[in-house]
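Fold and geometry: a report
Residue-level listing of the chains:
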Amino acid sequence: MNSALWNPVTPFVQLYRHRTLFRQFARRAIEARHRGSFLGLFWTVLAPMISLAIYTFVFGFVFTGRFTPSQSESTLDYALGAFVGLILFNFLSEVLSQSPLTIVVQPNFVKKVVFPLEVLPASTVGSAAFSAGISLALALTGIALFGPGLDAHAFWILAIVPPVAMIAFGCAWLFSALGVFIRDIASVMPFVSQVLMFMSAVFYPVTFLDKAPLWAQKILFANPLLHAVVSARDAVLFHQSPAIPSVLYLWLCGVLVYFVGFLTFRKLRPAFADVI
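Below is a summary of the structure that appears in this document.

Counting secondary structure elements, the protein chain contains 13 helices and 0 strands. Ordered by position in the sequence, the α and β elements of the protein chain form the string α-α-α-α-α-α-α-α-α-α-α-α-α. On C-alpha atoms alone, the protein chain measures out to a radius of gyration of 19 Å, which is about the 19 Å that the 2.2 N^0.38 rule sets for 276 residues. Seen along its three principal axes, the alpha-carbon backbone of the protein chain occupies a region of about 60 × 45 × 35 Å. Sorting the 276 residues of the protein chain into buried and exposed places 48% on the buried side.

Given below as structure tokens:
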């Protein structure tokens, strides 16, 4: 048992083994989110668009933000670039905000010994991924039709999104487990999300970080979401290949967080029933 737990392949095997259950709970989470809503699933599109409009007005028009010094970059290009970063941030932020209470609010499953509890936090990621996928499709469509267009560099998104998803899974398992014992984590997460957004260069060019002290730059560049946002924006909007070290670092963080989160969850799981 212990050797299987420490095997880095175990999280992938477990998630694949319970893939049907994972899909069912993810679908249930999506339906529960919009149950009783007049607009229903349309909020999946409307919510990010409203956020985009607000931040674009503030950073694009009020502060005349741009991601490059080029005069050819329009406000619409800036909005599309901000939208790409906002999608990745919202995906991870949603997982962070919901994970701490995932196990706590479903105590009946904890008492079922044969039930794979790791599916519950994973379904949170699946629900968030559904919204992010729709938003990403909208962003790519907007870039293709109204922006500079898409070229072969856009395929880099296939190398950028998976490690972000792995980070989301790892965080979901980690904070859902810790949330059982430390309920304050759920209250702290909104502030963590705010800090994460401004640390991830969603609305400003990464060159702005050059003005920060060296110690601050090291902290900011340690954030894997920063590398994901900048790499995705460069690939789909500015037709540039992302920096290979950034992509490799992103994958390293993805695998590490995925495994550590799963390991922590499995280690703490036996104590869930006693606490809940």
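Let's pick the thread back up.
Unlike most non-glycine residues, Ala201 shows phi in positive territory, near 55°. Among the structural elements, Ala201 can be located in the loop between α9 (184–199) and α10 (214–221). For Ala201, a relative accessible area of 0% corresponds to the buried category. Despite not being glycine, His239 has its phi angle at roughly 55°, a positive value. Given a relative accessible area of 27%, His239 falls into the partly exposed group.

Looking now at the nonpolar core. One finds Phe91, Leu117, Phe169, Trp173, Phe203, Leu225 and Phe272 to be the most contacted residues of the largest nonpolar core, which totals 65 residues. Beyond its immediate chain neighbours, meaning those up to four positions away, Phe272 contacts Ile103, Val110, Leu117, Ala177, Val180, Phe181 and Phe265. Formed by 6 residues, the second largest nonpolar core is a distinct cluster that contains Ala201, Tyr204, Leu209 and Leu220.

We now examine the packing of aromatic side chains. On inspection of all chains with the given rule, the structure shows 13 aromatic pairs. Each ring, one from Phe169 and one from Tyr258, has its centre 6.1 Å from the other, and the planes form 80°; the classification is edge-to-face. In this pair, Phe169 sits in helix α8 (residues 157–181) while Tyr258 sits in helix α12 (residues 244–268), placing the two residues 89 residues apart along the sequence. Using a relative accessible area of 12% as the deciding quantity, one classes Phe169 as buried. For Tyr258, a relative accessible area of 3% gives the class buried. The rings of Phe12, Phe22, Phe169, Trp173, Tyr258 and Phe262 are connected pair by pair, giving a single aromatic cluster. When the ring centre of Phe208 is taken as reference, the NZ or CZ atom of Lys211 above it lies at 4.9 Å. Positioned above the aromatic ring of Phe67 is the side chain of Arg233, whose terminal nitrogen or guanidinium carbon lies 3.8 Å from the ring centre.

Here Glu73 lies in the loop between α4 (43–62) and α5 (75–98). No salt bridge is formed by the buried Glu73; its nearest oppositely charged neighbour, Arg66, is found at 5.1 Å. Once residues lying within four places of it in the same chain are set aside, the contact partners of Glu73 are Arg66, Phe67, Thr68, Tyr78 and Phe238.

Next up on the list: the packing of α8 against α12. Contact pair α8 / α12: the axes reach a minimum separation of 7 Å and the direction vectors enclose 25°. Judged on the interaxial angle alone, α12 and α8 are roughly parallel. As α8 runs across α12, the sense of the crossing is left-handed. The class makeup of the residues in the contact of α8 with α12 is 24 nonpolar, 5 polar and no charged.

Attention now moves to the packing of helix α2 (residues 10–17) against α12. Packed helix pairs are specified by the crossing angle of their axes together with the interaxial distance, meaning the distance between the axes. Running from N to C, α2 and α12 cross one another at 70°; their axes reach a closest spacing of 9 Å. When the axis of α2 is compared with that of α12, the two are roughly perpendicular. In this structure, α2 contributes Thr10, Pro11, Phe12, Gln14 and Leu15 to the contact, and α12 contributes Tyr258, Phe259, Phe262 and Arg266. Taken together, the residues of the contact of α2 with α12 sort by class into 6 nonpolar, 2 polar and 1 charged.

Reading the values: the criteria
- Residues numbered from 1 in each chain as written.
- Predicted model: local features only at pLDDT ≥ 70, side-chain atom pairs only at ≥ 80, totals over all residues.
- Heavy atoms only, no water.
- Helix = DSSP H or I, 4+ residues; strand = E, 2+ residues; numbered from the N terminus.
- Rg over C-alpha atoms; globule rule 2.2 N^0.38 Å.
- Buried < 20%, exposed > 50% of the residue type's maximum accessible area, 1.4 Å probe, protein only.
- Core = buried A, V, L, I, M, F, W, Y, C linked by side-chain atoms within 4.5 Å.
- Contact = heavy atoms within 4.5 Å.
- Phe/Tyr/Trp six-rings, centres within 6.5 Å; stacked < 30°, edge-to-face > 60°.
- Lys NZ or Arg CZ within 6 Å of the ring centre and 35° of its normal.
- Lys, Arg positive; Asp, Glu negative; His and termini not counted.
- Salt bridge = Lys/Arg side-chain N within 4 Å of Asp/Glu carboxyl O.
- Axes fitted to C-alpha atoms, helices over the stretch in contact; angles between N-to-C directions.
- Parallel < 35°, antiparallel > 145°, perpendicular 65-115°, else oblique.
- Left-handed = near helix turned anticlockwise from the far one by under 90°.
- Nonpolar A, V, L, I, M, F, W, Y, C, P; charged D, E, K, R; others polar.

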